[in-house]
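Residues per chain, in single letters:
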Amino acid sequence: MRHADSDVDAMRRALELARQSLLADEDDVPVGALVLGPDGAVLAESANRREALTDPTAHAEVVVLREAALALGDTHLVGCTLVVTLEPCPMCAGAAQLARVDRVVFGAWNDDYGAAGSAWDLLRDRRLPHRPEVVGGVLAEECGAIVREFFERLR
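These notes cover the structure that comes with them.

1. Side note on unusual backbone geometry
Piece 1. Of note, the phi angle at R100 is positive, near 65 degrees, even though the residue is not glycine.
Piece 2. Relative to the helices and strands, R100 is located in the loop between helix 4 (90–99) and strand 4 (103–108).
Piece 3. Of note in the backbone geometry, L139 takes a positive phi value of approximately 50 degrees without being a glycine.
Piece 4. Classification of L139 by relative accessible area gives buried; the value is 18%.

Structure representation (structure tokens):
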């Protein structure tokens, strides 16, 4: 499947954030995320920070949604795109819903915890008032390889 060049470019930046986390030998699962504003400019970017901050909610997606809301001065990120290297979990999908992002773009599928079409599909649940566009599988192999490498190191 061919993805939009802008999505691929944004995912490459998210991958860079994940790689930096992996190379730094941090304890967090190397997931990178960013929020693009309506004009395509990066509003916020981060990797997972759960272990670094001792905060169970500090997934990369939640961190960047918080930072983007502060940057825009609004909790509703209308017109924004969340880009993340791994399919969002239920918490992160819920945060994207509440933030009202227009699009969620992710790399690798997460068959165990994904909430954007694999284990669940919270982002497109018709019972919810907001359903962002979801684009999955952008640079999926590269995104998945970083996570696999991290877990192989743990073994």
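2. Overview of helix 3 (residues 60–72)
Piece 1. Here helix 3 contains 13 residues, and its C-alpha end-to-end distance of 18 Å stays within 8% of the 18 Å for a straight helix at 1.5 Å per residue.
Piece 2. Residues of helix 3 that are buried include every one of A60, E61, V62, V63, V64, L65, A68 and A69, and no others.
Piece 3. Those residues of helix 3 that are buried lie in contact with strand 1 (32–36), strand 2 (42–47), strand 3 (81–86) and helix 4.
Piece 4. Just beyond helix 3, the residue with positive phi is G73, at close to 70 degrees.

3. Remarks on the packing of aromatic side chains
Piece 1. Summed over all chains, the structure comprises 2 aromatic pairs.
Piece 2. Judged by centre distance (4.8 Å) and plane angle (90 degrees), the ring pair of F106 and W109 falls under edge-to-face.
Piece 3. In this structure W109 comes out as partly exposed when scored by relative accessible area, which is 45%.
Piece 4. Aromatic side chains F150 and F151 sit 5.0 Å apart centroid to centroid with 80 degrees between the ring planes, which places their arrangement in the edge-to-face category.
Piece 5. Under the relative-accessibility criterion, F150 is labelled buried at 7%.

4. Points about the pairing of strand 2
Piece 1. In this structure, strand 1 lies alongside strand 2, joined through 5 bridges in antiparallel fashion. Bridging from a neighbouring strand, L34 pairs with E45 of strand 2.
Piece 2. Hairpin connection from strand 1 to strand 2: 5 residues lie between these consecutive antiparallel strands, with G40 at a positive phi of about 90 degrees.

5. Overview of the environment of G114
Piece 1. Tracing the backbone through its elements, the reader meets G114 in the loop between strand 4 and strand 5 (133–135).
Piece 2. The class of G114 is buried, set by a relative accessible area of 0%.
Piece 3. Taking the C-alpha atoms as reference points, G114 and L86, 28 residues apart in sequence, are found 8.3 Å from one another.
Piece 4. Leave out the neighbours within four places in its chain, and G114 touches E87, P88, A119 and W120.

Calculation notes
- Residues numbered from 1 in each chain as written.
- Predicted model: local features only at pLDDT ≥ 70, side-chain atom pairs only at ≥ 80, totals over all residues.
- Heavy atoms only, no water.
- Helix = DSSP H or I, 4+ residues; strand = E, 2+ residues; numbered from the N terminus.
- Buried < 20%, exposed > 50% of the residue type's maximum accessible area, 1.4 Å probe, protein only.
- Expected span 1.5 Å × (residues − 1).
- Contact = heavy atoms within 4.5 Å.
- Phe/Tyr/Trp six-rings, centres within 6.5 Å; stacked < 30°, edge-to-face > 60°.
- Pairing = 2+ DSSP bridges.

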